[in-house]
Each structure stands twice: as structure tokens, then as C-alpha cells.
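Here is what each chain is made of, one letter per residue.
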Amino acid sequence: MTRVYLVVLLLCLRLMCPLVTGIFMDKLASKKLCADDDCVYTISLARAEEDYNAPDCRFINIKKGQLIYVYAKLVKEKDSGEFWAGSVYGEQYEDHMGTVGYFPSSLVSEQHVYQEANKTLPTTVRNLQKP
């Protein structure tokens, strides 16, 4: 009898926790500005003016004073915030170097512009590898 209750309990738990646990997230923007057609060339180097804790996997954590390579600038739409895509830079952040994600442009100041972001491209989904 106890075994039956255990099976029923497990089935109930399984129904409450489906296999698919992914979350579909809205796009932050439909267009972005890049220096090239693949958004792989660095646009600028920015310095974080404040700490920022990433709310989900599309974003990167940044710390005040940290340098960030900027690869794309999302084109602001309606009520959305303005976000840039980049990766952290510096030996003290080597665990996070190479991780590309979004961050609010209002929290950084550009230190050096390498090339103009003059290519307007549509944003695409890339399986969370690179924004």
C-alpha cells in the first residue's frame, strides 16, 4: 500500500515539474549596430561606472571599473532599455573573459572607439552562444 502512495506521489511531482523547463524570453531589440556583418570586430572599449548583476543568461555581470569590449549596440525600441553586447577584459577577470552578453549602456563610459558601428543588422537567436 505504501508503494502505491509513493508511485502516486512521484507521478504528481512529475506533473508539476515537466521535462521542458526552458523559458522563452522576449527579444531585447530587433536591430543592432555593428562594425562588420558578423558583429565580431570590436567597436569600442568601455569602463563600467557601476556594478551590474545579470538578471538572466543573456546578460553579463560587470563590476565598477571593469573594462568591457563592445561588439554590438542594440537599437533602442519603444520602452526598452538601451543595451550593448560585449565581454569583460582583464587578467583579474580571466574566468569570465570570452563570455559575451548584454549590459545596460547607461552603466558604462566608452574609453576608446576602435571603429564606427555603422552596420545595422537584424538581431537573431543564436542558441545563447553569442548575442
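Just so you know, these numbers come straight off a predicted model, no measurement behind them.

### A word on the overall build of the protein chain
Then step 1. Check the secondary structure of the protein chain and you find one helix and seven strands.
Then step 2. Reading the secondary structure of the protein chain in the N-to-C direction produces α-β-β-β-β-β-β-β.
Then step 3. Going through the 131 residues of the protein chain one by one, you find that 34% of them count as buried.
Then step 4. A separation threshold of at least 6 residues defines the contact pool for the protein chain, and within that pool the share at least 24 residues apart is 64%.

### Looking at the nonpolar core
Then step 1. Counting residues in hydrophobic clusters, the biggest one holds 23 residues, and the most contacted among them are Tyr 52, Ile 62, Phe 83, Tyr 102, Phe 103 and Val 108.
Then step 2. Mapped onto this core, the elements with two or more residues apiece are strand E2 (44–48), strand E3 (67–74), strand E4 (83–89) and strand E5 (100–104).

### A word on the state of the cysteines
Then step 1. If you walk through the whole model with that rule in mind, you get one disulfide.
Then step 2. The partner cysteine of Cys 34 in its disulfide is Cys 39, sulfur to sulfur 1.7 Å. For the disulfide bridge between Cys 34 and Cys 39, the dihedral angle about the S-S bond is near 70°, and by the sign convention the bridge is right-handed.
Then step 3. With relative accessibility at 0%, the residue Cys 34 sits in the buried group.
Then step 4. Judged by relative accessible area, which is 2%, Cys 39 ranks as buried.

### Here we look at the pairing of E4
Each regular strand displays side chains that alternate between the two surfaces of the sheet.
Then step 1. Here E4 lies mainly inside the structure; six of its seven residues are buried.
Then step 2. Here E3 pairs with E4 via six bridges, running antiparallel. Bridge pairing in E4 links Tyr 69 to Ser 87.
Then step 3. In the sheet, E4 pairs with E5 via five bridges, with the strands oriented antiparallel.

### Overview of the side chain of Thr 42
Then step 1. With respect to the helices and strands, Thr 42 occurs in the loop between strand E1 (31–34) and E2.
Then step 2. Residue Thr 42 is classed as buried on the basis of its relative accessible area, which comes to 19%.

### Quick look at the confidence of the model for the protein chain
Then step 1. With 68% of its residues at a pLDDT of at least 70, the protein chain reaches an overall mean of 78.
Then step 2. pLDDT under 50 marks residues 6–20. Its contacts with residues more than four places away, or in other chains, come to one contact.
Then step 3. Here residues 127–131 is a poorly scored stretch, pLDDT under 50, and it has 11 contacts once near neighbours within four places are set aside; other chains count.

### Quick word on the pattern of salt bridges
Then step 1. With the rule as written, the count across this model stands at three salt bridges.
Then step 2. Asp 37 is the partner of Lys 119 in a salt bridge, and the nearest nitrogen-oxygen pair spans 3.8 Å. Separated by 82 residues along the polypeptide, Lys 119 in strand E7 (residues 119–122) and Asp 37 in the loop between E1 and E2 bring together distant segments of the chain.
Then step 3. Since its relative accessible area comes to 33%, Lys 119 is described here as partly exposed.
Then step 4. Put simply, Lys 73 and Glu 110 hold a salt bridge, and the shortest N to O gap is 3.0 Å. Separated by 37 residues along the polypeptide, Lys 73 in strand E3 and Glu 110 in strand E6 (residues 108–113) bring together distant segments of the chain.
Then step 5. Among the residues examined, Glu 110 registers a relative accessible area of 34% and is labelled partly exposed.

Cut-offs used in this document
- Residues numbered from 1 in each chain as written.
- Predicted model: local features only at pLDDT ≥ 70, side-chain atom pairs only at ≥ 80, totals over all residues.
- Heavy atoms only, no water.
- Helix = DSSP H or I, 4+ residues; strand = E, 2+ residues; numbered from the N terminus.
- Buried < 20%, exposed > 50% of the residue type's maximum accessible area, 1.4 Å probe, protein only.
- Contact = heavy atoms within 4.5 Å.
- Core = buried A, V, L, I, M, F, W, Y, C linked by side-chain atoms within 4.5 Å.
- Disulfide = S-S within 2.5 Å.
- Pairing = 2+ DSSP bridges.
- pLDDT = per-residue confidence, 0-100.
- Salt bridge = Lys/Arg side-chain N within 4 Å of Asp/Glu carboxyl O.

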